[in-house]
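A structural walkthrough
Below, each chain spelled out in residue letters.
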Amino acid sequence: MMNKPPAVSARGLTVVRGARTVLDGLAFDVEPGSVTGLLGPSGSGKSTLIRAIVGTQAKVTGTLDVLGWPAGSASLRSRVGYVTQAPSVYDDLTARQNLEYFAAVLGVPRRERPEQRDRVLSDVDLTAHADDLAGNLSGGQRSRVSLAVALLGTPELLVLDEPTVGLDPVLRRDLWALFHRLAADRGVTLLISSHVMDEADRCEQLLLLREGSLLASGTPRELRDLTGTDTVEDAFLTLVDSARQHEYPR
Amino acid sequence: MNATRTLATSRRVLRQLSHDPRTIGLLLLVPFLLLVLLYYVFDADPRSFDSIGASLLGIFPLVTMFLVTSIATLRERTTGTLERLLSMPLGKADLIAGYALAFGALAVVQASLATGVAVWLLDLRIAGSPWLLLLVALLDALLGTALGLFVSAFAASEFQVVQFMPAVIFPQILLCGLFAPRDSMQPVLEAISNVLPMSYAVDGMTEVLRHTDPTGDFVRDAAVVAGSALLVLALGAVTLRRRTP
């Protein structure tokens, strides 16, 4: 990883939805090959930032480059894997059929599709449910089908919007292990949002978002040291309090 | 356009339907049963059955494909699969053509069944070829698919989208010449009926009913229906946005 350009680079990134400025002048870089956590409370703009990165958000201003291209470029569509917060798969298809369709859309050659389909099913531990209709699966299983779709092809950047919410602890641990394996073995960059702060320690880099602004960024250790706290959650709360004092000085 | 992605989309749409045998059953059987019903409604006047039956063969595929497509594409929009697809290397034309092919295939089966029943079982007397009836029925189905795709962009829920059926389809049924000849309507209504595509679908069916060979009017009617379908499909493509607010 010598001097590779950042996987995502934002400068003055602003997004307006309706009358509201949801993201306000963000500037950050995501290291290539890293597992970066995007943390912040609900409504802080995490999903909007993710949609801007994958190119589905309208009214994005400022600079936002993804893998060296402006976000949303056609050439990025097969290089970036995206998982929305709510599972976006067809409930009236089986897990296997969902994967076969999305693999075809991604342009995976026909002879490679069965192998890829089976690989991603085992990555998310759903091989036993491959022939169940997605609509009949549990919420956690359905979101894993959605995650499996993002693993198809050879994405260089995976952008995951709260992929572990509502999953049991064992599964969460397994998925985080998978995320680190993807980064270590295949050099994939992962940007993972969460509002659960105890997941922060599983990330190498963190971006802390609050009300559309970047509160802080760095490794979990840097953030803890910066604030003199023991956990990232406490670090976040300390940073929020000091930001508030700055906004509403008494 | 990319053939692999278009065909994969058609296959996916048909696979979704294949998990829903009740919908397939209703799609195929309802038109056929309604024709049988109509046959006995005109028990004493079989020649009225000829003209109304032929018109209905054009209206059924339009109505059913409108409903199926509007709900299917609304679901794509609301469940996030559309956003996901448009973040992938899928062209809008691939998606639309995929839907049109899948529902077109279904419409061929539906219209064949209904036309076959009408002509051979219910003794619907047509001067022209049943193949021409089938052609118009297929074009109507495409028009229904196109309209359904288009209106789904203006609905936020399935409740809203089904309301487009009385709003978009019923006026066309009232004005298409099924209830009264179009040239006998109040002139403003006649003018409106002249710009509604379903009028041409029904006119086309009537041409097949009355003439042994395809007439110039028939060709014009079929071309108008096909052209309207393509126009509305293009409008539908405009409503598919890669970037949404």
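Just so it is clear, the structure is predicted and the values come from calculations on it, not from any experiment.

1. A closer look at the overall build of chain A
Looking only at helices and strands, chain A has 7 helices and 10 strands in total. Expected size for 250 residues packed as a compact globule is a radius of gyration near 18 Å; at 18 Å, chain A falls within 12% of this value. Dimensions of chain A, computed from the C-alpha atoms along their principal axes, are close to 65 × 40 × 35 Å. Taking all 250 residues of chain A together, the buried fraction comes to 54%.

2. Concerning a nonpolar patch on the surface
Judged by side-chain polarity, L26, V30, L34, L37 and V41 of chain B come together as a nonpolar surface patch covering roughly 430 Å² of accessible area. Along the chain, the position of L26 of chain B falls in helix α2 (residues 21–41).

3. Looking at the pattern of salt bridges
Residues and elements named next belong to chain A. For the structure shown, the criterion picks out 22 salt bridges over all chains. In this structure, D29 and R11 form a salt bridge, with 3.0 Å as the shortest nitrogen-oxygen distance. Taken together, the residues D29 in strand β2 (residues 20–30) and R11 in strand β1 (residues 8–17) connect sequence positions 18 residues apart. Of the charged contacts in the structure, one is a salt bridge between R142 and D91, with a shortest N-O distance of 3.7 Å.

4. Observations regarding helix α10 (residues 216–238) of chain B
Residues and elements named next belong to chain B. Here α10 contains 23 residues, and its C-alpha end-to-end distance of 33 Å stays within 8% of the 33 Å for a straight helix at 1.5 Å per residue. Those residues of α10 that sit buried are F218, D221, A222, V225, S228, A229, V232, L233 and G236. In the core, the buried residues of α10 are packed alongside α5 (92–121), α6 (130–151) and α9 (197–210).

5. Considering the sheet that holds strand β3 (residues 35–39) of chain A
Residues and elements named next belong to chain A. In space, the 6 strands of this open sheet follow the order β6-β7-β8-β3-β9-β10, with mixed pairing throughout. Each edge of the open sheet is held by one strand with a lone partner, namely β6 (80–83) and β10 (213–218). In this sheet, adjacent strand axes meet at a mean angle of 15° when their direction is disregarded. Two strands pair when backbone bridges link them, and β3 and strand β9 (residues 205–210) are joined in this way by 4 bridges, in the parallel orientation. In the strand pairing of β9, L39 is matched with L208. The strands that helix α4 (residues 139–151) touches are β6 and β7 (157–161); relative to β6, the one it contacts most, it runs at about 170°. Here helix α5 (residues 169–186) sits on the sheet and contacts β3, β7 and β8 (189–194); the angle it forms with β8, its principal contact strand, is near 155°.

6. Quick word on helix α2 (residues 95–105) of chain A
Counting buried positions along α2 of chain A yields 10 of 11 residues, so the element is predominantly enclosed. Among all positions of α2 of chain A, only A95, Q97, N98, L99, E100, Y101, F102, A103, A104 and V105 of chain A are buried. Buried residues along α2 of chain A sit in contact with α3 (113–123) and α4 of chain A together with α1 (3–18), α4 (81–86) and α5 of chain B. Directly after α2 of chain A, the chain includes G107 of chain A, whose backbone phi takes a positive value near 85°.

7. Here we look at the UniProt feature "domain: ABC transporter" (unreviewed entry) in chain A
When the UniProt feature table is mapped to this numbering, "domain: ABC transporter" (unreviewed entry) covers residues 8–236 of chain A. End-to-end, the C-alpha atoms of residues 8–236 of chain A are 23 Å apart, and along that stretch the chain is 33% helix and 27% strand.

8. Some remarks on the interface of chain A and chain B
Taken together, the contact pairs 35 residues of chain A with 26 residues of chain B. Summed over both sides, the interface of chain A with chain B buries roughly 2,700 Å², with 52% coming from carbon and sulfur. The tally of links from chain A across to chain B stands at 3 salt bridges. Counting every contact that joins chain A to chain B gives 20 residue pairs in polar contact (both at pLDDT 80 or more). Among the secondary structure elements, those contributing two or more residues to the side of chain A that touches chain B are α1 (46–54), β6, α2 and α4 of chain A. Broken down by element, the side of chain A that touches chain B gets its largest block of residues, 6 residues, from α2 of chain A.

What counts as what
- Per chain, residues are indexed from 1 in the order of the written sequence.
- Each chain takes a letter, starting from A, and each ligand takes a number, starting from 1, following the order in which they are written.
- pLDDT decides what is reported in this predicted model: residues at 70 or higher carry local features, side-chain atom pairs at 80 or more are listed and counted, and totals for whole chains, interfaces and linings draw on all residues regardless.
- To get the side-chain values, take all heavy atoms of the structure and skip hydrogens and water.
- Only runs of H or I of at least four residues qualify as helices and only runs of E of at least two qualify as strands under DSSP, and these elements are numbered from the N terminus.
- Between the two quantities, the radius of gyration covers C-alpha atoms and the globule rule is 2.2 Å times the number of residues to the power 0.38.
- Only protein chains enter the accessibility calculation, which uses a 1.4 Å probe; a residue whose area is less than 20% of its type maximum is buried, one above 50% is exposed, and one in between is partly exposed.
- Here, patches come from residues exposed beyond 30% relative accessible area and free of salt bridges, joined within 9 Å for like charges and within 5 Å for nonpolar side chains (Val, Leu, Ile, Met, Phe, Trp, Tyr).
- For accessible areas, the Shrake-Rupley method is used with a probe of radius 1.4 Å. Any residue's cover is judged against the shown protein chains and nothing else.
- The term salt bridge refers to a side-chain nitrogen of Lys or Arg lying within 4 Å of a carboxyl oxygen of Asp or Glu.
- One fewer than the residue count of a helix, multiplied by 1.5 Å, yields its expected span.
- When checking whether two residues touch, look at their non-hydrogen atoms; a contact exists if any pair is within 4.5 Å.
- Any two strands between which DSSP finds at least two bridges are classified as paired.
- Whenever a helix is involved, its axis is fitted only over the stretch in contact; in every case the axis is a line through C-alpha atoms, and angles between N-to-C directions fall within 0 to 180 degrees.
- UniProt positions are given in the numbering used here, feature names are shortened, and annotations may be inferred rather than shown by experiment.
- Put simply, buried area is how much 1.4 Å-probe accessible surface two parts lose in total, over both of them, once they are put together.
- Pairs of N or O atoms are called polar contacts if they sit within 3.5 Å, as long as, within protein, a hydrogen donor faces a hydrogen acceptor (for residues adjacent in sequence, only side-chain-to-side-chain pairs).

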